[in-house]
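For reference, the chains in residue letters:
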Amino acid sequence: MTQATLSSAATSPVDQPSQMLGGLTQAQFMRRHWQKKPLLIRNAFPGFEPLLSRQQLFEMAADEAVESRLIVHKPKGWALKHGPFGSRAFPPLKQPRWSLLVQGVDLHLNAAHELLQRFRFVPDARLDDLMISWASDGGGVGPHFDSYDVFLLQASGQRLWRIGRQKDLSLEPGVPLKILSHFEPEEEHLLNPGDMLYLPPRWAHDGIAVGDHCMTYSAGFRVPQRGGLAGELLQRMAEEWDDATLYRDPDQPATATPAAMPVSLEAFAADGLQRLLADRASLACALGEVMTEPKPRVWFDEPLTEWSPSAVVLDRRTRMMYDDRHIFINGESFRAGGADARLMRTLADQRRLGLARVQRASEGASALLQDWFEAGWLHPQSEA
C-alpha cells in the first residue's frame, strides 16, 4: 500500500461504498455503527504491509519524544513500564506474553499520518492518534474497555479478539493496568493482516497475539471530558477577558461573624462567570484553540529555506480546524471571512493547497501562510 493510495482515499465521498468499511459508505457506517455496535471488516486493507518493521518500532520506543509502554504478563501477575526503552529493556523475542505499545506514531512517521487520514470521515476534533503494538505469542494487555472509539487494524501476524458488552466493570485490584475482573466475552474473531475491527466505547475486549509476528495498529479518538474541557475553556477565556470591575460593598454592616463569606461577594463572582460565558465569540475561540493545541511532546522544525509562494501541505503534527467565523491552528485563532475563509477552510479540510490558490491568496492570507511556514506548521508540498 503506497502513501499515494492512502492520501487519495482520505478524501473519498461520504456516500461512496468503502472497502475499509466492509462495503458500507462512510455515512452508513456512522449511522449504523458509530458509538452503537462493533463491526468486523475482513480484508479492509487488501495486501496491507506494515508501515515499519519491528526493529524500527523498537528504535522509535527509544526516543524520549515518543510515548511508549512495555507490558509483560508474568506468572505472578502483570508488569508495566514506561519508555523510553534501550535495546536491553525488552524481554527475549521468544518469551511469550509481552507487548510493546507505541503511541502517536502518526506524529513521527508520514506513512502513519497518511493512514490515520483514512478515518477523517469523523471530525478532526475527535480524531486522536495511531498507536502501534507489537506482541510476542500470547501477548496482550488483558481484558479491558476503553472510553473512546477504536479501529483495530491487523498489520502482521494474527490476533484473537474476544469482545462483549460488559455489565460488570469491576477491575482487578493491585494491578498496574485496568483489567476487568469478570470478563464475559460474547464473540471471538481471529484477525489476519488487513482485517479490521471497530469497537464503540465501553465494549470490553481482549486481544491475544497468536504467534511471534503480531503487530496491531489502533486508530483512536479523542473524548473530551465535560468537566475537564470546561475548566480548560474557562482558564483560556479568563486570560483574554478584560473586565476590571471591582467589588464594592457600601451597604456592608458591621459583623460579629467575620469568617462568614459575604453573600454579595458570591453573587459578584457568579455574575462575573455568567458574563464571561455569555461571550460566545470568546467561547468559540477558546474551544478551537483548545482542540487544536499540539500535544505536550510535539514541536516543529524550522524551515531550511526561505519562504516562496508554492503549493503547500500541512505538517503531519499540525492541527487545523475552523468554525463559521474563525480559523484555528495549533492553539491559535484567527478571524476570517469571504475568500480568505474559503481558502483556509480548504487548507484545513484537504491539508494542502495548490500553487494557483496560494498565488491568488490575499495579502493577509499570504502573510499568514508565510508565518506558518516559518513556524514549521506547513511546508512546500514537494517536501511532504
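As a reminder, the structure under discussion sits directly above these lines.
Residues numbered from 1 in each chain as written. Predicted model: local features only at pLDDT ≥ 70, side-chain atom pairs only at ≥ 80, totals over all residues. Heavy atoms only, no water.

Caption draft 1: View of the sheet that holds strand β15 (residues 378-380). Overall, antiparallel pairing links the 3 strands, which are arranged β14-β10-β15 in an open sheet. The open sheet has two edge strands, β14 (352-353) and β15, and neither has a second partner. Strand direction decides the pairing type here: strand β10 (residues 312-314) and β15, joined by 3 bridges, are antiparallel. Across the sheet, residue Val 312 finds its bridge partner in β15, namely Pro 380. (Pairing = 2+ DSSP bridges. Helix = DSSP H or I, 4+ residues; strand = E, 2+ residues; numbered from the N terminus.)

Caption draft 2: Up close: the side chain of Gln 154. Of note, Gln 154 is situated in strand β6 (residues 150-164). At 2.8 Å, the side chain of Gln 154 and the backbone oxygen of Ser 156 are in polar contact. With sequence-adjacent residues up to four places away left out, Gln 154 is seen in contact with Phe 48, Arg 159, Leu 191, Asn 192, Pro 193, Gly 194, Asp 195, Cys 214, Met 215 and Thr 216. (Polar contact = N/O pair within 3.5 Å; in protein donor to acceptor, adjacent residues only side chain to side chain. Contact = heavy atoms within 4.5 Å.)

Caption draft 3: Expanded view of the layout of surface pockets. Estimated volume of the largest pocket: approximately 950 Å³. In terms of lining residues, the largest pocket is bounded by 32 residues, among which Arg 69, His 144, Phe 145, Asp 146 and Tyr 148 are the most central. Mapped by element, the contributors of at least two residues to the lining of the largest pocket are β2 (68-74), β4 (98-102), β5 (127-135), β6 and β9 (204-221). Of all the elements, β9 adds the most residues to the lining of the largest pocket, at 6 residues. Of the residues contributing to the lining of the largest pocket, the split by class is 15 nonpolar, 11 polar and 6 charged. (1 Å grid on protein atoms, 1.4 Å probe; cavity = no way out; pocket = protein on both sides within 12 Å on 5 of 7 lines; lining within 4 Å. Points joined across faces, edges and corners; volume = space filled by probe spheres on them. Nonpolar A, V, L, I, M, F, W, Y, C, P; charged D, E, K, R; others polar.)

Caption draft 4: Spotlight on the packing of aromatic side chains. Tallying each qualifying case throughout the model produces 21 aromatic pairs. With 5.9 Å between their ring centres and 80 degrees between their planes, Phe 29 and Phe 121 make a pair best called edge-to-face. Placement of the pair is Phe 29 in helix α2 (residues 26-32) and Phe 121 in the loop between α4 (110-116) and β5, with a sequence separation of 92 residues. For Phe 29, a relative accessible area of 0% translates into the label buried. The interplanar angle of 20 degrees and the centroid separation of 6.0 Å between the aromatic rings of Trp 34 and Tyr 198 together place this pair among those described as stacked. (Phe/Tyr/Trp six-rings, centres within 6.5 Å; stacked < 30°, edge-to-face > 60°. Buried < 20%, exposed > 50% of the residue type's maximum accessible area, 1.4 Å probe, protein only.)

Caption draft 5: The arrangement of the environment of Ala 135 in detail. Within the secondary structure, Ala 135 is located in strand β5. The sequence separation of Ala 135 and Pro 96 amounts to 39 residues, and the corresponding C-alpha distance is 8.4 Å. Excluding anything up to four places from it in sequence, Ala 135 contacts Trp 98, Ser 99, Arg 159, Ala 209, Gly 211, Asp 212 and Cys 214.

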